[in-house]
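Spelled out from the first residue to the last, the chains are:
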Amino acid sequence: MKILAIETSCDETSAAVVENGRKVLSNVTASQIEEHKLYGGVVPEIASRRHCEAIVGVCESALEQAEVSLGEIDAVAVTYAPGLIGALLVGVNFAKGIAIACKKPLIPVNHVRGHIASNYIVGGLKPPFLSLVVSGGHTSVIHVRDYTVFEEIGRTLDDAAGEAFDKAARALGFPYPGGMYIERESKIGNINAYKLPFPKTKNKYNFSFSGLKTAVINLIHNAKQKGEGFDASSSADLAASFQHTVCEILTSKAVSAAETTGAKTIALSGGVAANSYLREMLTQKCDENGYQLHFPPLEYCGDNAAMIGSQAYYEFLAGNIADSSLNATAAV
Ligand code: KG4
Ligand code: ZN
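Quantities reported herein were computed from a predicted structural model and do not represent experimental measurements.

Novice: Tell me about the site of ligand 1, and name the residues and values.
Specialist: Near ligand 1 there are 19 residues, and of these Gly-136, Asp-166, Glu-183, Gly-271 and Asn-275 occur at the shortest range. Taking Ser-135, its side chain carries an N or O atom lying 3.5 Å from an oxygen atom of ligand 1. Contact between ligand 1 and Glu-183: a nitrogen atom at 2.7 Å from a side-chain N or O atom of the residue. Calculation on ligand 1 without its partners gives an accessible area of 550 Å², and the protein chains cover 85% of this total. Secondary-structure elements contributing two or more residues to the shell around ligand 1 are helix H4 (111-117), helix H5 (161-171) and helix H6 (179-186). The residue makeup of the shell around ligand 1, split by class, is six nonpolar, ten polar and three charged.

In structure tokens:
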């Protein structure tokens with residue numbers, strides 16, 4: 001079964017053709033990051049307008065690279081939630097138009113389920129497993145009992161981990177999105193230079209990153225106020241201490257949630273899954289505790305339509321088909 005999948009939940013216009021949920025025939029993404037960088041974050045209206053401009057070309061390229069015509073596609077899938085509402089609406093309406101015109105089933109896919117499915121593309125992962133989804137908009141531990149049966153064990157109560165990375169990076173003077181700059185800067189920093197708070201939450205599987213982010217901002221602010229400035233070496237030390245603390249929080253909660261659920265496998269996904277320090281720490285923790293670990297190749301960590309096409313196959317098998325009244329939803 002060949003599915004044309006469309007993803008426009010944030011600042012990437014992406015289309016892919018995926019066969020039977022596992023084989024990516026094409027995955028084409030037009031990124032808007034360079035434009036949003038000018039404003040230090042994603043500007044929702046600009047995002048919607050750029051999706052409108054890019055979506056036809058991106059879908060045409062995805063079909064061309066997969067060497068299939070629209071007539072050979074068996075279904076159209078689209079991210080309908082969660083995300084920026086104006087951005088989601090562009091993808092939803094475009095997918096609806098194709099589905100109606102070509103008389104194909106329309107499959108609605110939740111973006112977070114898509115990130116989880118990014119691990120199906122390479123490595124043969126199958127449920128059940130414990131999923132740690134870490135992106136700019138989400139941080140959750142989810143027990144994936146089956147392809148469409150999910151139990152959320154914990155989630156962030158405030159900022160997502162990627163958002164905290166981006167805000168800490170901004171305070172350190174790096175461009176948006178700052179996660180990768182923190183990773184780069186941390187390589188020359190000392191992880192023990194700054195003692196940062198390890199937030200406590202009532203439900204031990206929930207996350208909270210806003211206190212940690214504020215601690216970083218305050219440290220920089222106070223140093224500047226005292227006229228001490230913040231030199232390159234302090235900046236690298238603070239980046240390294242921050243990254244280490246975030247990764248410790250993510251890793252320890254994922255492993256203890258796996259223990260509780262009885263899952264034998266942990267699967268990391270989302271934009272922050274690109275972070276090599278997190279991958280290494282989780283690999284070590286999983287080795288020590290006897291868990292199998294999966295994470296996606298870098299190209300499937302950030303937002304992409306291939307992961308949507310992968311999850312769409314399982315949604316289709318479960319009978320999750322939308323009609324022409326499908327609408328976008330900003331939150332879940
Ligand atoms: O999954 P994604 O592309 O979009 C959302 O669904 O949010 O994730 C984007 C997030 C951004 O916050 C970005 O800074 C973060 O992923 N990110 C990283 C790295 N690469 C991307 N964070 C830490 N280290 C990285 N190497
Ligand atoms: Zn995402």
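After that view, the rundown keeps rolling.
Novice: Please set out the packing of aromatic side chains residue by residue, giving values where relevant.
Specialist: This model, assessed by the stated rule, comprises eight aromatic pairs. For the ring pair Phe-165 and Phe-242, a centre distance of 5.3 Å and an interplane angle of 85 degrees mean the geometry is edge-to-face. Here the residue Phe-165 occupies a position in helix H5, and Phe-242 occupies one in helix H8 (residues 232-261), the gap between them amounting to 77 residues. Residue class for Phe-165 comes out buried when judged on its relative accessible area of 2%. Assessed through its relative accessible area of 1%, Phe-242 is described here as buried. Considering the side-chain rings of Phe-174 and Tyr-181, the 6.0 Å spacing of their centres and the 5 degrees angle between planes classify their relative orientation as stacked. Members of the aromatic cluster, joined through ring pairs, are Tyr-120, Phe-129, Tyr-147, Tyr-313 and Tyr-314.

Novice: Explain the sheet that holds strand E9 (residues 265-269) residue by residue, including any values.
Specialist: On the basis of which strands lie adjacent, the open sheet formed by five strands has the order E8-E7-E6-E9-E10 and mixed pairing. Looking along the sheet, the strands with just one partner apiece sit at the ends: strand E8 (149-155) and strand E10 (292-294). In this sheet, adjacent strand axes meet at a mean angle of 25 degrees when their direction is disregarded. Inspection of the sheet shows E9 paired to E10 by three bridges, in the parallel sense. Within E10, the residue paired with Ala-267 across the bridge is His-294. Across the sheet, H8 is in contact with strand E6 (129-134), strand E7 (139-146), E8 and E9; its angle to E6 comes to roughly 155 degrees.

About the criteria used
Along each chain, the written sequence defines residue order, and numbers are assigned to residues from 1. All chains are assigned letters beginning with A, and all ligands numbers beginning with 1, in the order in which they are written. Reporting in this predicted model follows two pLDDT cut-offs: at least 70 for local features of residues, and 80 or more for side-chain atom pairs to be given and counted; totals over whole chains, interfaces and linings ignore these cut-offs and use all residues. The side-chain quantities take in all heavy atoms of the structure and omit both hydrogens and water. In these notes, residues near a molecule or strand are those with any non-hydrogen atom within 4 Å of it. Nitrogen and oxygen atoms within 3.5 Å of one another constitute a polar contact, given that in protein one can donate a hydrogen and the other can accept it, and given that sequence-neighbouring residues count only through two side-chain atoms. Areas reported here follow the Shrake-Rupley algorithm with a probe of radius 1.4 Å; residue values treat only the protein chains shown as occluding. Secondary structure counts use DSSP, requiring at least four H or I residues in a row for a helix and at least two E residues in a row for a strand, with both numbered from the N terminus. Three categories are distinguished: nonpolar for Ala, Val, Leu, Ile, Met, Phe, Trp, Tyr, Cys and Pro, charged for Asp, Glu, Lys and Arg, and polar for the others, with Gly belonging to the last. Think of it this way: a Phe, Tyr or Trp ring, Trp meaning its six-membered ring, pairs with another when their centres are within 6.5 Å, and the plane angle makes it stacked under 30 degrees, edge-to-face over 60, tilted otherwise. The rule is simple: take the accessible area with a 1.4 Å probe, protein chains only, and divide by the maximum for that residue type; under 20% is buried, over 50% is exposed, in between is partly exposed. For two strands to be treated as a pair, DSSP must find no fewer than two bridges joining them. Structural elements are reduced to axes, namely lines fitted to C-alpha atoms, with helices fitted over the stretch in contact, and the angle between N-to-C directions of any two is expressed from 0 to 180 degrees. Whether two residues are in contact is decided by their heavy atoms: any pair within 4.5 Å suffices.

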